[in-house]
Amino acid sequence: MTSIGPLPIRPLMVLAAFVVGWFISRVLAKRKTSAERYKSAGSLVYSSLLVGLVTARLAHIARWSEEYLSSPMSLLAIGDGGYLWWAGVAAGLAFMYWRTMKQRDLRQAVFTGAAAGILTWFLASAVLEAAQRQAAPLPDLELLSLTGQPTALHSLKGQPVVLNLWASWCPPCRREMPAFEQAQKKFPDTVFVMVNQGEKPEQVVRFLQAQGLDLSHVLLDPSSSAMKTLGAQGLPSTYFFDAQGQLAYAHVGELTLGAISSILSSRNSHSDHQLTPQAQRAPQ
């Protein structure tokens, strides 16, 4: 599951966690402070969330600075899922503590609300992780090569696969294509399969040539059967399968090289199958 309707699920999880934290902090503060002061608790939770999100984003960019600086515009792609969450949580809580140094009557309320919000986020993440583990494996779809030759997607089982659903008329699809081109060179043990949705071979070839893209596995899905099978609500949608063909991670929306590298490196730490780039970075 990558979305609820057209909305990506992970931002909705963060929103749900914030609403829980905001509501609980206001309820608790109202019991201990004046009718006007309790509103400050909700504002403080909101400010702490913003500090946390900005810090998480900057920490992630710092961790994958080489990948982001290779395409500076990708720094602005905040929807790529590139956030170092532990750094954001730490920064948000530190900011909350600092702000309540002179508002001690609010401290217990806002920290209790923050704890409830963080717990909500962790529980939602665990449910999503479990749902993805139970998701259908790499689909057994019959697709076409650019020359019209039938290609069974299931034949790729046995090696990690990144499956991207795209179309040339889709702006975020076009923007992320160079990132996938770089990623397939950086992660040679992972197969990157770019499955075009509903376009004719000549359209796809013309687009790839015009953009100067050299992608190893571009397949055609004339009836958009992959979207139906995988339950994709929009384009681009990207699915990360392990070597056993089980879904490990899914993302709806544009991805950057930094985000792709982070996802693959993270999954590698939980798998015996190599997803590592040719030049592995020293652990930080």
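Note that the coordinates shown come from a computational prediction; the quantities given were computed from them, not determined experimentally.

A short note on the pairing of strand β8 (residues 237-241)
With 5 of 5 residues buried, β8 lies mostly within the body of the structure. Burial along β8 is two-sided: S237, Y239 and F241 and T238 and F240, pointing in opposite directions, are all buried. As paired strands, strand β5 (residues 161-166) and β8 are joined by 5 bridges and run antiparallel to one another. Looking across to β8, one finds that L165 is bridged to S237. The antiparallel pairing of β8 with strand β9 (residues 247-252) creates a hairpin that spans 5 residues between the two strands, and G245 there sits at a positive phi of about 85 degrees.

Regarding the side chain of E199
Here E199 lies in the loop between β6 (191-197) and α7 (201-211). Buried E199, no salt bridge; nearest opposite-charge side chain is R206, N-O distance 7.9 Å. One polar contact links E199 to S168, side chain to side chain, over a distance of 2.5 Å. Dropping the residues within four chain positions of it, E199 is found in contact with A167, S168, W169, V204 and L220.

Conventions and cut-offs
- Residues numbered from 1 in each chain as written.
- Predicted model: local features only at pLDDT ≥ 70, side-chain atom pairs only at ≥ 80, totals over all residues.
- Heavy atoms only, no water.
- Buried < 20%, exposed > 50% of the residue type's maximum accessible area, 1.4 Å probe, protein only.
- Helix = DSSP H or I, 4+ residues; strand = E, 2+ residues; numbered from the N terminus.
- Pairing = 2+ DSSP bridges.
- Lys, Arg positive; Asp, Glu negative; His and termini not counted.
- Salt bridge = Lys/Arg side-chain N within 4 Å of Asp/Glu carboxyl O.
- Polar contact = N/O pair within 3.5 Å; in protein donor to acceptor, adjacent residues only side chain to side chain.
- Contact = heavy atoms within 4.5 Å.

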